[in-house]
Amino acid sequence: MSVHLLLSAGRGPQECAWALAQLLHRMEADAARRKLETHRAEAVPGDRPGTYRSVLVRIAGDGAETFAASWTGTLCWQAPSPYRAGTGRKNWYVIAEPCQVDIPRTTFAEADVDVVACRTGGPGGQHRNKASTAVRATHRPTGIVVVVDTERQFSLNRRIAMRLLRQRIEHGDEAAGRAVTAARWRIHDELVRGNPTRIERPEASEQNLAPQAQKRRRRRQSTPTTPTAQRGSRPAM
C-alpha cells in the first residue's frame, strides 16, 4: 500500500521553504522508525540552498495511509528565522495533503462493448426505415453509449461506433488527468496560517548548538593575549 503526500510552502516567505525542508526530514525519520519507505517523487527547490517550495513524497508500507493522515493538514515548524535575526516570528507554516498522482488508463476492448442493432427515424430512404442498420454501442466499464446511423450498412455503423467509443474514452482519461493536476495546484493555495494540526520544533541539542558556538566565538575574541614568561626570569621592576 502506498500514498502520495504533497508538502507545500504555499506563497509564504523563504523561511517557510526552510521549514518545509525541516519538516520533511522529521517526517522521513518518523517513517523510518515505523518501517515505512519514503521516496521524493518530485521536488521544487527554494531560493536558499537546502530549502523546498514543494515536495511530493511517496509513502509505502503497512499503515502508510494512517501515517500520512498524521502528517496531513497545516504543519508548523516553530523556530527562529535563520535568515532574519531581528524578526520575532517563530511559527512557519506548511501544508501537507494527500493527492492522486497515477491516473489509471482505461483499456478499450471490443469485448467490453454491447452492440445492438436498432432502427432510427429521419431521412434516409425506405431501406433505412425498414432495416435495423443503426448501431447502439454501450461500453460496459464506463457506461458510455453511442448511436450511429450515418451509413446504410450495419457493419459500417458498427465500425464507426467503435471508433467513437475509443475517442470518448481517451478524451475522458485526458480530462481526468487534467483534473488531478489542477487539484494538486490548488493545494498550494489552501495553506491556512494558524491553528496547525501538528507542531514540530528542533531538538534541544539543535537549538543550543548555535548559541553555544557563538558564545565560544565571542569569548575567544574578547580574551586578551599575554606573552608567556620565560622560565627562571623575573618580572621587570
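Rules behind the numbers
Residues numbered from 1 in each chain as written. Predicted model: local features only at pLDDT ≥ 70, side-chain atom pairs only at ≥ 80, totals over all residues. Heavy atoms only, no water. Pairing = 2+ DSSP bridges. Helix = DSSP H or I, 4+ residues; strand = E, 2+ residues; numbered from the N terminus. Axes fitted to C-alpha atoms, helices over the stretch in contact; angles between N-to-C directions. Contact = heavy atoms within 4.5 Å. pLDDT = per-residue confidence, 0-100. Polar contact = N/O pair within 3.5 Å; in protein donor to acceptor, adjacent residues only side chain to side chain. Phe/Tyr/Trp six-rings, centres within 6.5 Å; stacked < 30°, edge-to-face > 60°. Lys NZ or Arg CZ within 6 Å of the ring centre and 35° of its normal. Buried < 20%, exposed > 50% of the residue type's maximum accessible area, 1.4 Å probe, protein only.

Chemist: Looking at this structure, how should I read the sheet that holds strand 7 (residues 134–139)?
Modeler: The strands making up a sheet associate through backbone hydrogen bonding, with each pair oriented either parallel or antiparallel. Pairing is antiparallel in the open sheet, where 3 strands are placed in the order 6-7-8. Of all the strands in the sheet, just strand 6 (113–118) and strand 8 (144–148) have a single pairing partner and so form its edges. Looking at each pair of strands side by side, their axes are set apart by 15 degrees on average, direction ignored. When strand 7 meets strand 8, the two strands line up antiparallel, connected through 5 bridges. Paired with R136 across the strands is V147, a residue of strand 8. On the sheet, helix 4 (residues 154–188) packs against strand 6, strand 7 and strand 8 and is oriented at approximately 145 degrees with respect to strand 8.

Chemist: What am I meant to see in the confidence of the model for the chain here?
Modeler: Close inspection of predicted coordinates is inappropriate for parts of the model with low pLDDT. Mean pLDDT over the chain stands at 83; residues scoring 70 or higher make up 81%. Considering only residues more than four positions removed or in separate chains, one finds that residues 209–218, a stretch of pLDDT under 50, has 0 contacts. Below pLDDT 50 for its whole length, residues 225–237 participates in 0 contacts with residues either more than four positions away or in separate chains.

Chemist: What exactly am I supposed to notice about the environment of W92 here?
Modeler: Note on placement: W92 falls in strand 5 (residues 91–98). The spacing of W92 and W18 is 74 residues in sequence and 8.8 Å in space, taken between C-alpha atoms. Beyond its immediate stretch of four places on either side in the chain, W92 contacts P13, E15, W18, A19, L75, C76, W77, A79, P80, S81 and R84. Of the polar contacts made by the side chain of W92, one reaches the backbone oxygen of A79; its length is 2.8 Å.

Chemist: Help me out: how do you make sense of the sheet that holds strand 2 (residues 37–45) in this one?
Modeler: One open sheet accounts for 6 strands, arranged 2-3-1-5-4-9; its pairing is mixed. The sheet is open, and its two edges are formed by strand 2 and strand 9 (198–200), each paired on a single side. Across the sheet, the mean angle separating the axes of adjacent strands is 25 degrees when strand polarity is ignored. Relative to strand 5, strand 4 (residues 73–78) is paired through 6 bridges, and the arrangement is antiparallel. Bridge pairing links Q78 to N91 in strand 5. Sheet strands in contact with helix 4 are strand 1 (2–8), strand 2, strand 3 (52–60) and strand 5, and its direction is about 45 degrees off that of strand 1.

Chemist: How should I be thinking about the side chain of S8 in this particular structure?
Modeler: Position of S8 relative to the elements: it lies in strand 1. Within the local environment of S8, its side chain forms a polar contact with the backbone nitrogen of G10, the two atoms lying 3.0 Å apart. Setting aside residues no more than four positions away along its own chain, S8 makes contact with L20, R53, S54, V94, I95 and H188.

Chemist: Help me understand the packing of aromatic side chains in this model?
Modeler: With the rule as written, the count across this model stands at 0 aromatic pairs. A cation over an aromatic ring shows up here: R48 above the ring of Y83, its NZ or CZ 4.2 Å from the ring centre.

Chemist: Before we go on, may I ask you to explain unusual backbone geometry in this structure?
Modeler: Comment: phi is negative for the bulk of residues other than glycine, and the bulk of peptide bonds are trans. With phi around 65 degrees, K35 is a residue other than glycine that occupies positive phi space. Checked against the element boundaries, K35 lands in the loop between helix 1 (14–33) and strand 2. In this structure K35 comes out as exposed when scored by relative accessible area, which is 74%. Of note in this structure, N195 is not a glycine but carries a positive phi near 50 degrees. Note that N195 resides in the loop between helix 4 and strand 9. On the accessibility criterion, N195 (72% relative accessible area) is exposed.

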